[in-house]
Amino acid sequence: MKIATNIPTTIWYEIIEFLKTSGWDIVTTYEQFDKGIDFDLYEFKKEEESILCAWDNWFEGEIKGEERFLKTLEKEFQITFKYDTPKHLGIDILEKLKSILPKKNKA
């Protein structure tokens, strides 16, 4: 797994929409009062693969996933990801936020 960092906000949200419409299921999402203002988070799954996406208003977006999938996103969105030190996804953020993150169930 690799973590792409410093993804501009507009591109990060475009990637979120792309995942939503490409057969990826949202299994966890951040639903607090500051969602999309100060912080946002999505966990997607498709078959056995998962992608974790975090964003905040200071450091912008991060995406954690398999390197081959990150390369697919780079081609799709015509960008080159940076791989600096992550601000959120370098820790087990799901465990840290477990008490406030509702689980999303497939309908």
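Caption draft 1: Seen up close, the pairing of strand β4 (residues 49-56). Here β4 lies mainly inside the structure; seven of its eight residues are buried. When strand β3 (residues 39-46) meets β4, the two strands line up antiparallel, connected through eight bridges. Bridging from a neighbouring strand, K46 pairs with E49 of β4. Between β3 and β4, which pair antiparallel in sequence order, lie two residues; one of them, E47, sits at a positive phi of approximately 55 degrees. As judged from the five bridges shared by β4 and strand β5 (residues 60-65), these two strands associate in the antiparallel manner. From the neighbouring strand, C53 faces β5, where its bridge partner is I63. Following β4, the chain reverses through three residues before pairing antiparallel with β5.

Caption draft 2: Quick look at the environment of D38. Among the structural elements, D38 can be located in the loop between β2 (25-29) and β3. Take D38: its relative accessible area is 35%, and that puts it in the partly exposed class. Each C-alpha atom, one on D38 and one on D56, is 5.3 Å from the other, the two residues being 18 residues apart in sequence. D38 has contacts with W55, D56 and N57, leaving out every residue within four places of it along the chain.

Caption draft 3: Representation of the packing of helix α1 (residues 9-20) against helix α2 (residues 67-77) within the structure. Contact geometry for α1 and α2: axes closest at 12 Å, N-to-C directions at 110 degrees. By the criterion of interaxial angle, the relationship of α1 to α2 is roughly perpendicular. Considering only the axes of α1 and α2, their crossing is right-handed. Taking contact as the criterion, the partners of E14, I15, F18 and L19 in α1 are, on α2, F69, L73, E76 and F77. For the contact of α1 with α2, the residue count by class is six nonpolar, no polar and two charged.

Caption draft 4: Highlighting the sheet that holds β3. On the basis of which strands lie adjacent, the open sheet formed by five strands has the order β1-β5-β4-β3-β2 and antiparallel pairing. At either margin of the open sheet sits one strand with a lone partner, and together these are β1 (2-7) and β2. Geometrically, the sheet is characterised by an average inter-axis angle of 20 degrees between neighbouring strands, direction not taken into account. With four bridges joining them, β2 and β3 adopt antiparallel strand pairing. In the strand pairing of β3, T28 is matched with E43.

Caption draft 5: Representation of the packing of aromatic side chains. If you walk through the whole model with that rule in mind, you get six aromatic pairs. Between W12 and Y42, the aromatic rings sit 6.2 Å apart at their centres with planes inclined by 45 degrees, giving tilted as the arrangement. Of this pair, W12 sits in helix α1 while Y42 sits in strand β3; the two residues are 30 residues apart in sequence, bridging distant segments of the chain. Residues W24 and F69 carry aromatic rings whose centres are separated by 5.2 Å and whose planes lie at 55 degrees to one another, so their mutual orientation is tilted. Pair noted here: W24 is in the loop between α1 and β2 and F69 is in helix α2, with a separation of 45 residues, a long-range link. The burial state of W24 is the same as that of F69; both residues are buried. Three or more aromatic residues link up through ring pairs in this structure, and these residues are W12, Y13, Y42, F44 and W55. Over the ring of Y83 we find K2, and its NZ or CZ is 4.0 Å from the ring centre. A cation sits over an aromatic face here: K87 above F59, 5.0 Å from the ring centre.

Parameters at a glance
Residues numbered from 1 in each chain as written. Predicted model: local features only at pLDDT ≥ 70, side-chain atom pairs only at ≥ 80, totals over all residues. Heavy atoms only, no water. Buried < 20%, exposed > 50% of the residue type's maximum accessible area, 1.4 Å probe, protein only. Helix = DSSP H or I, 4+ residues; strand = E, 2+ residues; numbered from the N terminus. Pairing = 2+ DSSP bridges. Contact = heavy atoms within 4.5 Å. Axes fitted to C-alpha atoms, helices over the stretch in contact; angles between N-to-C directions. Parallel < 35°, antiparallel > 145°, perpendicular 65-115°, else oblique. Left-handed = near helix turned anticlockwise from the far one by under 90°. Nonpolar A, V, L, I, M, F, W, Y, C, P; charged D, E, K, R; others polar. Phe/Tyr/Trp six-rings, centres within 6.5 Å; stacked < 30°, edge-to-face > 60°. Lys NZ or Arg CZ within 6 Å of the ring centre and 35° of its normal.

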